[in-house]
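The lines below spell out each chain.
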Amino acid sequence: VFSPQLTFPTIMPSKLEGAMDALINVFHNYSGNEGDKYKLNKGELKQLLTSELTDFLTSQKDPMLVDKIMNDLDSNKDNEVDFNEFVVLVAALTVACNDFFEEQQKKKAK
């Protein structure tokens, strides 16, 4: 298993540095299983989504969701998702979660 450990100049990484480290390590934990160890194939992407984004995946009712995500993320159409393409998914989901959080806060304020 490829597990790059980032070394930060501080003794305790900040929350953001810890989140970046976790993102990198999660990606490489799944990308190293088959084929190119720096990319996720469809099976590795599905395994990552199933294990790491369980609530998101189970809340969706679309059996073709992994195929659609793969197609949307694979910007260079090589049937694999590299780290840059993966970060797009994480960013989009993070924005959606933040939007949901803000809506909930606005409802509470009323």
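Right above here is the structure, for reference.
Computed from a prediction, not measured in an experiment: that's the story for all the values here.

Peer 1: Which residues make up the packing of helix 1 (residues 15–31) against helix 5 (residues 83–109), and what values go with them?
Peer 2: In contact at an axis separation of 11 Å, helix 1 and helix 5 are set at 120° when each is read in the N-to-C sense. As far as their axial angle goes, helix 5 and helix 1 are oblique. Between helix 1 and helix 5 the crossing geometry is right-handed. Of helix 5, the residues touching helix 1 (which contributes Leu23, Ile24 and Phe27) are Phe83, Phe86, Val87 and Val90.

Peer 1: Describe in detail the packing of aromatic side chains, supporting the description with residues and values.
Peer 2: For the structure on display, the rule yields 3 aromatic pairs. Here the aromatic rings of Phe27 and Phe83 are separated by 5.3 Å at their centres, their planes lie at 80°, and the arrangement is edge-to-face. Remark: Phe83 occurs in helix 5 and Phe27 occurs in helix 1; sequence separation between them is 56 residues. Judged by its relative accessible area of 0%, Phe27 falls in the buried class.

Peer 1: A description of the nonpolar core should follow, citing residues and the corresponding values.
Peer 2: Core analysis: the largest hydrophobic core is formed by 16 residues, its most contacted members being Leu40, Leu45, Leu49, Ile69 and Val81. No other element matches the 5 residues that helix 4 (residues 65–73) contributes to this core. The contacts of Ile69, once residues within four sequence positions are left out, are Leu45, Leu49, Phe56 and Leu89.

The rules we used
- Residues numbered from 1 in each chain as written.
- Predicted model: local features only at pLDDT ≥ 70, side-chain atom pairs only at ≥ 80, totals over all residues.
- Heavy atoms only, no water.
- Axes fitted to C-alpha atoms, helices over the stretch in contact; angles between N-to-C directions.
- Helix = DSSP H or I, 4+ residues; strand = E, 2+ residues; numbered from the N terminus.
- Parallel < 35°, antiparallel > 145°, perpendicular 65-115°, else oblique.
- Left-handed = near helix turned anticlockwise from the far one by under 90°.
- Contact = heavy atoms within 4.5 Å.
- Phe/Tyr/Trp six-rings, centres within 6.5 Å; stacked < 30°, edge-to-face > 60°.
- Buried < 20%, exposed > 50% of the residue type's maximum accessible area, 1.4 Å probe, protein only.
- Core = buried A, V, L, I, M, F, W, Y, C linked by side-chain atoms within 4.5 Å.

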